[in-house]
Amino acid sequence: MAFGGDYSPEQWSEDVWTDDVALMRRAGVNSVNLGVFSWGLLEVADGVFEWGWLDRILDLLHEGGIGVNLATPTAAPPIWLLRAHPEIATVDERGVRTSQGGRLAWSPSSATFRRYALRMVRALAERYGEHPALRLWHVSNELGNENARCHSDETAVAWRRWLEARYTTVDAVNDSWGSAFWGHHYASFAQIEPPRFARGGHNPGLLLDFERFSSDALLEHYVAERDVLREVTPDIPVTTNFMIMSYTQVDDYARWAEEVDVVANDHYTMSADPFRHAELSFSADRTRGIAKGDPWLLMEHSTSAVNWQSINRAKPPGELARNSLAHIARGADGALFFQWRMSTAGAEQFHSGVVPHAGADSKIFREVEALGATMKRLAPVVGSRVQPARVAILFDHDSASALSFGRMPSDLVAPQDLPKRMHRAFTARHIAVDVVPSTADLSEYALVVLPTLYVVSNAAADRIAEFAQGGGHVVVSYFSGIVDDTNRVRQGGYPGAFRDLLKIRTDEFFPLVEHETVELDNGWVADLWTESLELRGATALTAYRSGEMADVPAITRATAGSGTATYLATRLNDAAMLHFVDELAELAELPVIADADAGLELVRRVGPDTSFLFAINHTAHSLTVRQGGTDLISGSRHDASVEVPAGGTVVVMS
Ligand code: GLA
């Protein structure tokens, strides 16, 4: 199991490095991300390289038996480069160019930046490609975090080129975007601009394409760095750290995953989210989904508080281990922290680390040390895969993007909201779920769920219908299948892509205002959304008892070939969602992961002839999982059941 974190030794004098390596050994650290933001200290002036400090720390880490994920330092361009070439920086919607002082200030469409970055990458690879500590290349850092979208003139040229490659003629763009409305007709590609500041809102087709272009531009930069690394060091794997749950990112990671040797993700919990451990599980399942089930790496998470939310909640005792182990349960073969030693100066002074301001005599360091010992005991788990689920939640980046553009029936339909709620309900019922893009192979699933899958291509709609015809069970929620992949609304009644499959038709949406609820005639409570749905061959499972839609069906089901198609026209509250999941579990004969008390989070990883049942206790009392085996963490054997202490985790090997 990879264990360790981001290490920025450049912040400290070299005597601290010796202490760090000793503490790393004490904590069982075997893997650090090094050099992430160090370009300015390695190339101190144009073409002038100073490697001494990096040579010394690499040797020191190697002597300590610690492997290095060496970062190409391109996430932070040096001050001299930004001053010589301010045009490499991103430009926002209002034409404001990013200044020096932060990080990721560069535009992926800048040819000048690319030239300097690749020269740096080549120099680094040539110098350290054979270093015995080197395990993995870590390209840049969270590409798209601070440089997701650029609106510069140079980007505009790249954007037009991208459009030309996709559409060939400008009239195809006009058709796709419906640019006749508001008189936006373009006579040539040269007239098309990035979505710079405009009043009244941009064309949704343009916005979706600009998101795709921006993802591709960043990906192209990643691929350019990766190709230099592959050329110089063909045997060293290459990755970059994704941020799969970020609400603002543009990267379509299902596509990015094809270009990395191992999928790596960063995850941070949100202080204000009461369901943060469920959100973490959703994130980990999504990461595994784009990794196509292969083991992946948790490249960053925090030991405790971060410093970038308005109130940065610290993790109470035990949460650090539960968080790390939940990622591992869901397919990670390692868990690393940002960052090793908490900064005293610089932009992240109050971000937790493994070694806090208080030093190693601290709750956090002690917990990391204990976790390091646990990680060693989990070695048998490495390489095993999460047992395939029978349920898939479809989650696509296009839908998430399009849902965030606004000017829709309700801004409360947030991209991750319903997917997370449904994932949480299945998880609470100990039913394994995969979270996969709609391009995934669906053939092994019994149930496929489309929670607010707003953008659906014809090909995806056909595959989903075929899945049901072949005996699968499909659940479609409100506001799914509404637009095609050009972000144009499908005609003839909602939900256009699935009207025939579901055997229903809606002619108008009636979203509810914030905090408004409706009751269903089976006693369930719902909010957020209703619609004037008509049955066209489906049966109503329940209808609204109250509200403007009283007596209108709220949940429907139709037969589809040898399968079924269920429509959820409203957002169920948590209690009702659990009942709904129970009903779906019966319909699709979904197995539970194990027989266990409610409150335990269960995940099973399987090797060729071994099963590893992870049971994580998120409650304040001890709970039981009824399966025998050896708990890898405590080493104890159990015949028929294992008790999981309050806040603790067991990994039952059998
Ligand atoms: C991101 C970055 C790190 C650090 C952390 C703080 O994940 O990759 O460099 O800034 O956030 O949470």
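The paragraphs below set out a description of the structure included in this document. Everything numeric here is computed off the predicted structure, so don't read it as measured data.

Turning our attention to the pairing of strand β25 (residues 600-606). For β25, a buried count of six out of seven residues is recorded, marking the element as mostly surrounded by other parts of the structure. As paired strands, strand β12 (residues 385-386) and β25 are joined by two bridges and run antiparallel to one another. Following the sheet pairing, arginine 385 is matched in β25 by valine 606. Sheet analysis places β25 next to strand β26 (residues 611-617), joined by seven bridges and oriented antiparallel. Looking at β26, one finds that valine 606 is bridged to serine 611. What sits between β25 and β26 in their antiparallel hairpin is a turn of four residues.

What follows is about the sheet that holds strand β10 (residues 296-300). An order of β7-β6-β5-β2-β1-β11-β10-β9-β8 is seen for the nine strands of this open sheet, with the pairing classed as parallel. Only two strands of the sheet have a single partner each, and these edge strands are β7 (238-239) and β8 (241-242). Pairing of strand β1 (residues 2-7) with strand β2 (residues 31-34), which is carried by four bridges, proceeds in the parallel orientation. The residue of β2 that forms the bridge with glycine 4 is serine 31. The sheet strands contacting helix α12 (residues 363-377) are β1 and β11 (332-337), and the helix crosses β1 at an angle near 140°.

Glancing now at the packing of helix α6 (residues 153-167) against helix α8 (residues 204-232). One way to put it is that α6 packs onto α8 with a least axis distance of 10 Å and a crossing angle of 105°. In this view, α6 runs roughly perpendicular relative to α8, as classed from their interaxial angle. Touching Thr155, Ala158, Trp159, Trp162, Leu163, Arg166 and Tyr167 of α6 are Leu206, Asp209, Phe210, Arg212, Phe213 and Asp216, all from α8. Residues of the contact of α6 with α8, tallied by class, amount to eight nonpolar, one polar and four charged.

Among the five residues that make up strand β31 (residues 649-653), four are buried, leaving the element largely enclosed by the rest of the structure. Bridge count for strand β28 (residues 629-631) against β31 is two bridges, and the pairing is antiparallel. The residue of β31 that forms the bridge with aspartate 631 is valine 652.

With 15 residues, helix α10 (residues 276-290) extends 21 Å between its outermost C-alpha atoms, agreeing within 8% with the 21 Å of an ideal straight helix rising 1.5 Å per residue. For α10, the buried fraction is high: 14 of the 15 residues fall into the buried class.

In this section: the pattern of salt bridges. Scanning the model with the defined rule gives 41 salt bridges in all. Residue arginine 56 pairs with glutamate 14 through a salt bridge whose shortest N-O separation is 2.7 Å. Here arginine 56, found in helix α3 (residues 52-63), pairs with glutamate 14, found in helix α1 (residues 14-27); they are 42 residues apart in sequence, far enough to count as distant. Judged by relative accessible area, which is 43%, arginine 56 ranks as partly exposed. Glutamate 14 gets classed as partly exposed once you look at its relative accessible area, which sits at 35%. The partner of arginine 127 in a salt bridge is aspartate 55, with the nearest N and O atoms 2.7 Å apart. Here arginine 127 is found in helix α5 (residues 111-128), whereas its partner aspartate 55 is found in helix α3, with 72 residues between them in sequence. In this structure, a network of salt bridges that share partners links the residues Asp417, Arg421, Arg424, Asp527, Arg571 and Asp574.

Close contacts around the ligand come from Phe37, Arg103, Asn141, Glu142, Asp266, Tyr268, Glu300, Trp308, Phe338, Glu348 and His351, and that covers them all. Between the ligand and histidine 351 there is a distance of 2.6 Å, counted from an oxygen atom to a side-chain nitrogen or oxygen. When the residues that make up the shell around the ligand are grouped by side-chain class, the tally is four nonpolar, two polar and five charged.

Conventions and cut-offs
- Residues numbered from 1 in each chain as written.
- Predicted model: local features only at pLDDT ≥ 70, side-chain atom pairs only at ≥ 80, totals over all residues.
- Heavy atoms only, no water.
- Buried < 20%, exposed > 50% of the residue type's maximum accessible area, 1.4 Å probe, protein only.
- Helix = DSSP H or I, 4+ residues; strand = E, 2+ residues; numbered from the N terminus.
- Pairing = 2+ DSSP bridges.
- Contact = heavy atoms within 4.5 Å.
- Axes fitted to C-alpha atoms, helices over the stretch in contact; angles between N-to-C directions.
- Parallel < 35°, antiparallel > 145°, perpendicular 65-115°, else oblique.
- Nonpolar A, V, L, I, M, F, W, Y, C, P; charged D, E, K, R; others polar.
- Expected span 1.5 Å × (residues − 1).
- Salt bridge = Lys/Arg side-chain N within 4 Å of Asp/Glu carboxyl O.
- Near = heavy atom within 4 Å.
- Polar contact = N/O pair within 3.5 Å; in protein donor to acceptor, adjacent residues only side chain to side chain.

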